[in-house]
Amino acid sequence: MAQKKTMLDFVKMKNEGEKVAWVTAYDYPMASFAEQAGMDMILVGDSLGMVILGYENTLPVTMSDCISHCQAVRRGAPNTWIVGDMPFMSYQKSDEDAVENAGRFYKEAYVDCIKLEGGRRATGCIKAISDAGMLVMGHIGLTPQSSGQLGGFKAQGRDIASARELVKDALAVQEAGAYALLLEAVPPELTEFIAKKLTIPIYSIGAGVPCDGQLLICGDMLGMFQVFTPKFVKKYANVAEIEINAFKEYIIDVKGGEFPTNNHVYHILDSKEEFQKLFEEFD
Ligand code: KIV
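A brief structural summary. (Residues numbered from 1 in each chain as written. Predicted model: local features only at pLDDT ≥ 70, side-chain atom pairs only at ≥ 80, totals over all residues. Heavy atoms only, no water.)

A short note on the sheet that holds strand β7 (residues 202-205)
Right, so step 1: Around the barrel, which closes on itself, the eight strands sit in the order β1-β2-β3-β4-β5-β6-β7-β8 with parallel pairing between neighbours. Neighbour-to-neighbour, the strand axes of this sheet turn through a mean angle of 25°, independent of strand direction.
Right, so step 2: In this sheet, β7 lies alongside strand β6 (residues 180-184) in parallel orientation, the contact comprising four bridges. The partner of E184 across the bridge, within β7, is I205. (Pairing = 2+ DSSP bridges. Helix = DSSP H or I, 4+ residues; strand = E, 2+ residues; numbered from the N terminus. Axes fitted to C-alpha atoms, helices over the stretch in contact; angles between N-to-C directions.)

As structure tokens, this is what we get:
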């Protein structure tokens, strides 16, 4: 089993040009599969609200949702770097609140770092959490918690004005003390520029190749989330189809008496005659 990585391993990977491959996971089995596959990191994203809990967006997700899913993921992937995602309103109210909630991820769910959304407007809490000794990954571009302000789940930084704001945000996030930055749904030209401009590792979800690694949402890449699929997703499996077909077969078997068979039942240990006598005692 590979040794659990530290932040220094991710710096080394950046310096040596080795890309980081990571996915989201929200529960024990998914985390265990990701670790068995050799994933470099796992994000317990607040996307769990949409992928697992069936909400329309990530806003209803609570601290206790995130903590309990992080705990399950840690149990499934004890040797993998885990990023805990801070849910909406767990860091926006005050820096004190942000430090308190980031600390809960560490103390209750044993994460390796936390991630939060926002550029310049999040620098206060990034600094406060970093100053408290925790690792913060920034997240800019398409930030789902503010998708209302962005006019929906839309790519960002495609025009000069918006690209300029994102460059300023990226610089501010690094300056505030983030150890890494995630860019979501921005053009690769902008990713490349930001990756060259900053010294911290830059990761992409839908932000193209020129950076230090790629993230996908497990529900998207495994074909489990059926509501919509962003343009940047490559589907590596169609788990929904596999599960639906398995459920259909099971229904047919149950209704047709094909399941359970003799192999799926527990056999009596004493003779049939003795069992018959027992039954007769109750007649
Ligand atoms: O919650 C999540 O999975 C995320 C990704 C969209 C980056 O924050």
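Some remarks on the site of the ligand
Right, so step 1: In the vicinity of the ligand, 13 residues are found, and the nearest of them are G45, D46, S47, D85 and K115.
Right, so step 2: S47 has a polar side-chain atom sitting 2.5 Å from an oxygen atom of the ligand.
Right, so step 3: Note that an oxygen atom of the ligand is positioned 2.9 Å from one of the side-chain N or O atoms of K115.
Right, so step 4: Protein burial of the ligand: of its 260 Å² of free accessible surface, 98% is covered by the chains.
Right, so step 5: Looking at the shell around the ligand residue by residue, the classes come out as five nonpolar, four polar and four charged. (Near = heavy atom within 4 Å. Polar contact = N/O pair within 3.5 Å; in protein donor to acceptor, adjacent residues only side chain to side chain. Areas by Shrake-Rupley, 256 points an atom, 1.4 Å probe, with all protein chains shown as cover. Nonpolar A, V, L, I, M, F, W, Y, C, P; charged D, E, K, R; others polar.)

Considering the packing of aromatic side chains
Right, so step 1: Evaluation of the coordinates by the stated rule reveals seven aromatic pairs.
Right, so step 2: Consider the rings of W22 and Y203, whose centres lie 5.7 Å apart with planes at 75°: the pair is edge-to-face. Of this pair, W22 sits in strand β1 (residues 20-24) while Y203 is found in strand β7, placing the two residues 181 residues apart along the sequence. The residues W22 and Y203 share a single accessibility class, namely buried.
Right, so step 3: Here F153 and F228 contribute two aromatic rings whose centre-to-centre distance is 5.9 Å and whose plane-to-plane angle is 40°, an arrangement assigned as tilted. Of this pair, F153 sits in the loop between α7 (147-150) and α8 (160-176) while F228 sits in the loop between α10 (218-221) and α11 (239-256); the two residues are 75 residues apart in sequence, bridging distant segments of the chain.
Right, so step 4: With a relative accessible area of 34%, F228 lands in the partly exposed category.
Right, so step 5: Within the aromatic cluster, the residues linked to one another by ring pairs are F10, W81 and Y179. (Phe/Tyr/Trp six-rings, centres within 6.5 Å; stacked < 30°, edge-to-face > 60°. Buried < 20%, exposed > 50% of the residue type's maximum accessible area, 1.4 Å probe, protein only.)

Looking at the nonpolar core
Right, so step 1: Of all hydrophobic cores here, the largest spans 74 residues; its most connected members are W22, L116 and L181.
Right, so step 2: Considering each element in turn, this core owes the most residues, six residues, to α8.
Right, so step 3: Beyond its immediate stretch of four places on either side in the chain, L181 contacts M137, G138, H139, I140, A170, V173, I194, L198, I200, P201, I202 and Y203. (Core = buried A, V, L, I, M, F, W, Y, C linked by side-chain atoms within 4.5 Å. Contact = heavy atoms within 4.5 Å.)

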